[in-house]
Each structure stands twice: as structure tokens, then as C-alpha cells.
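Residue-level structure breakdown
Each chain is listed here by its residues.
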Amino acid sequence: NAGVMQNPRHLVRRRGQEARLRCSPMKGHSHVYWYRQLPEEGLKFMVYLQKENIIDESGMPKERFSAEFPKEGPSILRIQQVVRGDSAAYFCASSPPHALSSYNEQFFGPGTRLTVL
Amino acid sequence: DAKTTQPPSMDCAEGRAANLPCNHSTISGNEYVYWYRQIHSQGPQYIIHGLKNNETNEMASLIITEDRKSSTLILPHATLRDTAVYYCIVRAGDKIIQGAQKLVFGQGTRLTINP
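Analysis parameters
Throughout, a residue's number is its position along its own chain's written sequence, starting from 1. A letter from A marks each chain and a number from 1 marks each ligand, given out in the order of writing. It should be noted that, the model being predicted, local features are given only for residues of pLDDT at least 70 and side-chain atom pairs only at 80 or more, the latter also being counted only at that level, while totals for whole chains, interfaces and linings use all residues. The side-chain quantities take in all heavy atoms of the structure and omit both hydrogens and water. Strands were regarded as paired on the criterion that DSSP finds at least two bridges between them. Counting from the N terminus, the helices are the DSSP runs of H or I reaching at least four residues and the strands are the DSSP runs of E reaching at least two. Burial status follows relative accessibility: with a 1.4 Å probe on protein chains alone, a residue under 20% of its type maximum counts as buried, one over 50% as exposed, and anything between as partly exposed. When a carboxyl oxygen of Asp or Glu is within 4 Å of a side-chain nitrogen of Lys or Arg, the pair counts as a salt bridge. Only buried residues count toward a nonpolar core. Its members are Ala, Val, Leu, Ile, Met, Phe, Trp, Tyr and Cys residues joined through side-chain atoms within 4.5 Å. Defined by distance alone, a disulfide is two cysteine sulfur atoms within 2.5 Å. Throughout, a residue-residue contact means that at least one pair of heavy atoms, one from each residue, lies within 4.5 Å.

1. Some details on the sheet that holds strand β6 (residues 61-64) of chain B
Residues and elements named next belong to chain B.
- With antiparallel pairing, 4 strands are arranged side by side in an open sheet as β2-β7-β6-β5. Only two strands of the sheet have a single partner each, and these edge strands are β2 (18-23) and β5 (55-56).
- Note: β6 against strand β7 (residues 70-75), 4 bridges, orientation antiparallel. Pairing of Leu62 across the sheet is with Leu73, part of β7.

2. A closer look at the pairing of strand β4 (residues 45-50) of chain B
Residues and elements named next belong to chain B.
- Most of β4 sits inside the fold, with 5 of its 6 residues counted as buried.
- Two strands pair when backbone bridges link them, and strand β3 (residues 31-38) and β4 are joined in this way by 5 bridges, in the antiparallel orientation. Bridged to Tyr34 within β4 is His49.

3. Brief notes about the pattern of salt bridges
- Evaluated as defined, the whole model comprises 4 salt bridges over all chains.
- Asp82(B) is the salt-bridge partner of Arg37(B), the closest N and O atoms lying 2.8 Å from each other. In this pair, Arg37(B) sits in strand β3 while Asp82(B) sits in the loop between β7 and β8 (84-92), placing the two residues 45 residues apart along the sequence. The pair formed by Arg37(B) and Asp82(B) is uniform in burial state, with each residue classed as buried.
- The network of salt bridges with common partners includes Glu18(A), Arg20(A) and Arg78(A).

4. Focus on unusual backbone geometry
All names here are of chain A.
- Here Asn7 and Pro8 are connected by a cis peptide whose omega angle stands at -5°.
- As for its position among the elements, Pro8 is in the loop between β1 (5-7) and β2 (10-13).
- Even without being glycine, Glu40 reaches a positive phi, approximately 65°.
- Secondary-structure assignment places Glu40 in the loop between β4 (31-37) and β5 (43-50).

5. Here we look at the nonpolar core
- Counting 23 residues, the largest nonpolar core has Trp34(A), Met46(A), Leu77(A) and Tyr90(A) as its most contacted members.
- Elements with a minimum of two residues in this core: β3 (19-24), β4, β5, β7 (65-68), β8 (75-79), β9 (88-95) and β11 (112-116) of chain A.
- Judged by nonpolar contacts, the second largest core, of 21 residues, contains Ala18(B), Leu20(B), Leu62(B) and Ala78(B).

6. A few points about the state of the cysteines
- All chains considered together, the criterion is met by 2 disulfides over all chains.
- With a sulfur-sulfur separation of 1.7 Å, Cys23(A) is cross-linked through a disulfide to Cys92(A). Taking the sign of the S-S torsion, about -50° here, the bridge from Cys23(A) to Cys92(A) comes out left-handed. In this pair, Cys23(A) is assigned in strand β3 and Cys92(A) in strand β9, connecting sequence segments 69 residues apart. Across this residue pair, the class does not change: Cys23(A) and Cys92(A) are buried.
- Between the sulfur of Cys22(B) and that of Cys88(B) lies a disulfide, 2.1 Å long from S to S. In this structure the cystine formed by Cys22(B) and Cys88(B) twists about its S-S bond by roughly -80°; its chirality is therefore left-handed. With Cys22(B) in strand β2 and Cys88(B) in strand β8, the pair connects residues that are 66 residues apart, well separated along the chain.
- With a relative accessible area of 1%, Cys22(B) lands in the buried category.
- The thiol sulfur of Cys12(B) is not disulfide-bonded, and the nearest other cysteine sulfur, from Cys22(B), lies at 18 Å.

7. Section: the environment of Gly106(B)
- Relative to the elements of secondary structure, Gly106(B) occurs in the loop between β8 and β9 (109-114).
- Separated by 82 residues in the primary sequence, Gly106(B) and His24(B) have C-alpha atoms spaced 12 Å apart.
- Non-local contacts of Gly106(B), meaning those with residues more than four positions away in its chain, are made with Gly42(A) and Tyr87(B).

Dropping the structure here:
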């Protein structure tokens, strides 16, 4: 059973370009979470999605950032017009449907390291 | 979510038990204690969780005080591969509370296992 997959693992963008980060949850998982880790800092929650729905986006910056989790395919975190301050590691996690999990353990992917030049 | 307090760093000799403390004095009745670790920039890894009883799995043991205001994660025989940042997180167990699902990471404890 493959774990959470993220791609690309490393992404380099110039200021003003767009960055698209992909996350494929574990098989059978319908909940996806995105976290960001700035250099030398802890992980910060960004957004929580279920299939085709954003449940909690309280950690998302108000501009330039968006996320989706379509019915088919991976979850996408999209950053428009990137700036140097967006350079960070972006981690995706997934968890199974609530009915199948009593404690909402989250399984993390290896992360995408975004570097903005 | 309740705030947790952990020492910023700890050292432990290889083969000895590593005991990582966590204070969560404002924890409420429906909140669980979770432990995750992050090994050198990898994705965080779930270790263990508990509500009020002590818990043990293949990775670690979790000791929660009777008043639930603090807990200790125990790695019984630490190895070099256990060097990581360990996060103690308190989170509501009620799945229907919106936002309850997110994990709120503090600064954690940087555990170094020495040969």
C-alpha cells in the first residue's frame, strides 16, 4: 500500500511564476491536509479538504494561494505569482474517512521543497 | 487546541531510554495527546496518541498523568535513527468539530541520540 505521494519533490520558480504542487493521498483516504514549513520553523496548517470540498482554509494566505481536491486525481496546491517568501517545504497529509478512523491519524508525504529565485 | 510546552532540546545515549516530557495544563476533557516526529526535513511521522490511559505500541510508550496536565513519551531503547524533532500535540477527539482535524505543531523537542 503506497504512502502519500507528492510531486515534484523539488520545484524552482522565478518570482512571478506559478507553482503547482500535487498530492496523491493513500489509497482509501478521502481527507487531505496541506502544511507549510518555512526554513528553521515548525509546520503550519494551511488547508483541509475532502473530495471536492474545502472544509477548513483558516491557514491559507488570503491572496495567491488556492487548493483543490477534485473527484478524480490528486489534490493541487496552487501558488500564483510566487515571491521569495513562499520558499518553503510544503507537506501534504491524508487520513481515512471518519467512519474508518477513531482518532484521525494523519499520514504525511515526503514534501515538496519550493525555491523561489 | 490546548497549548503544549516542550523542552527545546534533549540528548540521550544510544541504547538508553529517551523520556520526552510535555506539559498541557489547559487540556480539556475531550482532547487527545498525540506525538509525531520529524526526521531531518522528512514528512512528520505519527508515533502514538492517548486520552487518559497509558499507551504502548511498537514504537513507544505514552504515559499521561492522572490529572492529564502532562505526559511523557518514552522510546525504550533509543537508536541513532531516533534523532529527530518530536512534537507533542493536543487536539479535540470530536471529529465533527470543524477544524478539529488540523494538527497544530509547536516548536517540539530536538532529540539527539549520541553513540
